[in-house]
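Coordinates in review
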Amino acid sequence: GFRDIGGTGLFASEYIAASKRWGKLDFTLGMGWGYLANGSSIKNPFCAVVDGACNRPGWTPNDNDRGGKIGFDTFFRGEHAGIFAGLEYQTPIEGLSLKLEYDGNDYQNEALGNQFGQSLPINIGAVYSWGDYLKFNLGYERGNTLMAGLTIRTNFQNVPNQFKMDPKPEPLR
């Protein structure tokens, strides 16, 4: 997979992941390059096989011409590769799942100097789905940050115009 494939390259990543569902458990294990390898000390396995695989051209503050271009020269390159993993459990409570994640990023090499503190490389969370359209999220990230969210899903082409508050316009002559 790829992230930020045609953007500025600030968050550009490539990854290989495998997932397996077993009953109510869903496991994922992966390896990532670029942004996903920030903070990793694992040597890029491609360095031993491909010339130049350890060199990854990076974004610089003066690099104004990177946006909208695909960085073919960066794919699966860099000195390090990062490991990530996840576990999701579908609880007996209808619509509630619990999540556990290992994140190999240490958030000390963030773009534009926006470093985040990280106490643990573990994230935990819960997602409650209410019907097909609403999801409530609650999590604890990086060992020091509480997160909450609401996701609303819909197809606006199928939603009737119920929320119109303006009066009907007068017909034109």
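Now for a look at the structure at hand. (Residues numbered from 1 in each chain as written. Predicted model: local features only at pLDDT ≥ 70, side-chain atom pairs only at ≥ 80, totals over all residues. Heavy atoms only, no water.)

A closer look at the overall build of the chain
Keep this limit in mind: Put simply, DSSP marks the helices as runs of H or I at least four residues long and the strands as runs of E at least two long, and each gets a number from the N terminus on. Atoms counted for the radius of gyration: C-alpha only. Globule rule: 2.2 Å times residue count to the power 0.38.
Within the chain, the regular secondary structure consists of 0 helices and 8 strands. Starting at the N terminus, the α and β elements of the chain follow one another as β-β-β-β-β-β-β-β. A compact globule built from 173 residues would reach a C-alpha radius of gyration of about 16 Å, whereas the chain, at 21 Å, exceeds it by more than 25%. Projected onto its principal axes, the C-alpha positions of the chain cover 70 × 55 × 30 Å.

Focus on the pairing of strand β2 (residues 13–22)
Test applied: Only when DSSP finds a minimum of two bridges between them are two strands counted as paired.
Here strand β1 (residues 2–3) runs beside β2; their pairing, made up of 2 bridges, is antiparallel. Within β2, the position partnered with R3 by the bridge is S13. In the sheet, β2 pairs with strand β3 (residues 25–34) via 10 bridges, with the strands oriented antiparallel. The residue bridging W22 from the neighbouring strand is L25, located in β3. Between the end of β2 and the start of β3, which pair antiparallel, lie 2 residues, with G23 showing a positive phi angle near 65°.

Quick look at the sheet that holds β3
With respect to topology, 8 strands assemble into an open sheet ordered β1-β2-β3-β4-β5-β6-β7-β8, the strand pairing being antiparallel. Taken across any chain shown, the strands that pair with only one partner, and hence form the sheet edges, are β1 and β8 (145–152). As defined by bridge partners, β3 adjoins strand β4 (residues 82–90) across 8 bridges and the pair is classed as antiparallel. Bridge pairing links F27 to L87 in β4.

Points about the pairing of strand β7 (residues 134–141)
If a strand is regular, its side chains alternate between the two faces of the sheet. The sheet contact formed by strand β6 (residues 122–130) and β7 spans 7 bridges and is antiparallel. Paired with I124 across the bridge in β7 is Y140. From the end of β6 to the start of β7, which pair antiparallel, there are 3 residues, and G131 there has a positive phi angle of about 70°. Counting the residues between successive antiparallel strands, the hairpin from β7 to β8 contains 3 residues, one of them, R142, with a positive phi of roughly 55°.

Describing a nonpolar patch on the surface
The condition is simple: Patch construction takes residues with relative accessible area above 30% that form no salt bridge. Like charges are linked within 9 Å, and nonpolar side chains (Val, Leu, Ile, Met, Phe, Trp, Tyr) are linked within 5 Å. The Shrake-Rupley method, run with a 1.4 Å probe sphere, supplies the accessible areas, and residue values consider only the shown protein chains as cover. By salt bridge we mean one thing: a side-chain nitrogen of Lys or Arg within 4 Å of a carboxyl oxygen of Asp or Glu.
Judged by side-chain polarity, W22, F27, L87, L100, Y102, L120, I122, I124, L138, Y140 and L146 come together as a nonpolar surface patch covering roughly 1,100 Å² of accessible area. Looking at the nonpolar patch, the elements that each hand over two or more residues are β5 (96–102), β6 and β7. Mapped onto the secondary structure, L100 falls in strand β5.

Some thoughts on the pattern of salt bridges
Tallying each qualifying case throughout the model produces 3 salt bridges. Residue D26 pairs with R21 through a salt bridge whose shortest N-O separation is 3.5 Å.

Digging into the packing of aromatic side chains
Note the threshold: Centres within 6.5 Å are what make two rings of Phe, Tyr or Trp a pair, Trp counting through its six-membered ring; a difference in plane orientation under 30 degrees is then read as stacked, over 60 as edge-to-face, and the rest as tilted. Relative accessible area decides the class of each residue, using a 1.4 Å probe on protein chains only: under 20% of the type maximum gives buried, over 50% gives exposed, and in between gives partly exposed. As a reminder, the over-ring test applies to NZ of lysine and CZ of arginine, requiring each to be within 6 Å of the ring centre and within 35 degrees of the ring normal.
Following the criterion strictly, the structure yields 9 aromatic pairs and no others. Summarising the aromatic geometry, the rings of F72 and F75 are spaced 5.5 Å apart at their centres and angled 70° between planes, so their arrangement reads as edge-to-face. The interplanar angle of 80° and the centroid separation of 6.2 Å between the aromatic rings of Y107 and F116 together place this pair among those described as edge-to-face. The class of Y107 is buried, set by a relative accessible area of 13%. Using a relative accessible area of 38% as the deciding quantity, one classes F116 as partly exposed. Across from the ring centre of Y107, 5.3 Å away, lies the NZ or CZ of R142, which sits over that ring.

Some words on unusual backbone geometry
Unusually for a residue other than glycine, D4 sits at a positive phi of about 50°. Take D4: it is sitting in the loop between β1 and β2. The exposure class assigned to D4 is partly exposed, which follows from its relative accessible area of 27%. With a phi angle near 60°, F76 is a residue other than glycine that sits in the positive phi range.

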